[in-house]
Amino acid sequence: MIVERTDFLTVPVTDLERSKRFYGEVLGLPPIPGDGSWPEFQLGENVSLYLFDPTNVGREYQGPHTSPIALRVADVEGARRALEAKGVEFTGETFDSGVCHMAFFHDPDGNELMLHRRYAPHAS
């Protein structure tokens, strides 16, 4: 099997309208055109984020993602300040790993997200 690319990441949600507002208005992600019943937002140039309410297909909501989706931004601190001004609460201080900066937060359903920026090359 050869994977050509990742088309989308699925994020489980319990309230599509609330989640569409968070990802579109608060995070400022551009929506992908559609009828709105399967909301999708563009993440950079090669992948999108798909909001999925499992109850719409007869499944049960099993809880949020606990492994963060890393959203690459040019300036982690600047993006963090902008989101905090919109009411987003971060968990802890911005973390400097020695190769990147990370700032962790959650969407309204508790799905983990992170602002991320690598500033040093990968270790060999």
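Only a predicted model underlies this, so the values are computations on that prediction, with no experimental measurement involved.

Next up on the list: the sheet that holds strand 4 (residues 69-72). Each strand in a sheet pairs with its neighbour through backbone hydrogen bonds, running either in the same direction (parallel) or in the opposite one (antiparallel). Spatial strand order, 4-7-6-5: four strands in an open sheet with mixed pairing. With partners counted over all chains shown, the strands left at the sheet margins are strand 4 and strand 5 (95-96), one partner each. Across two bridges, the pairing between strand 5 and strand 6 (residues 100-106) is antiparallel. Bridge pairing in strand 6 links F95 to M102. Running over the sheet, helix 2 (residues 76-85) touches strand 6 and strand 7 (112-118) and is turned about 150 degrees from strand 7.

To continue, consider helix 1 (residues 16-26). Within the sequence span of helix 1, burial applies to L16, S19, F22, Y23 and V26. Take helix 1 and look down its axis: the buried residues cluster within an arc of 160 degrees, on one side only. For helix 1, the secondary structure elements touched by its buried residues are strand 1 (8-12), strand 2 (40-43), strand 3 (47-52), helix 2, strand 6 and strand 7. The opening residue of helix 1 is D15, an N-cap whose side-chain oxygen sits 3.2 Å from the backbone nitrogen of E17. Positive phi appears at G28, one or two residues downstream of helix 1, with a value of about 75 degrees.

Basis of the calculations
Residues numbered from 1 in each chain as written. Predicted model: local features only at pLDDT ≥ 70, side-chain atom pairs only at ≥ 80, totals over all residues. Heavy atoms only, no water. Pairing = 2+ DSSP bridges. Helix = DSSP H or I, 4+ residues; strand = E, 2+ residues; numbered from the N terminus. Contact = heavy atoms within 4.5 Å. Axes fitted to C-alpha atoms, helices over the stretch in contact; angles between N-to-C directions. Buried < 20%, exposed > 50% of the residue type's maximum accessible area, 1.4 Å probe, protein only. Arc of directions from axis to C-beta. Polar contact = N/O pair within 3.5 Å; in protein donor to acceptor, adjacent residues only side chain to side chain.

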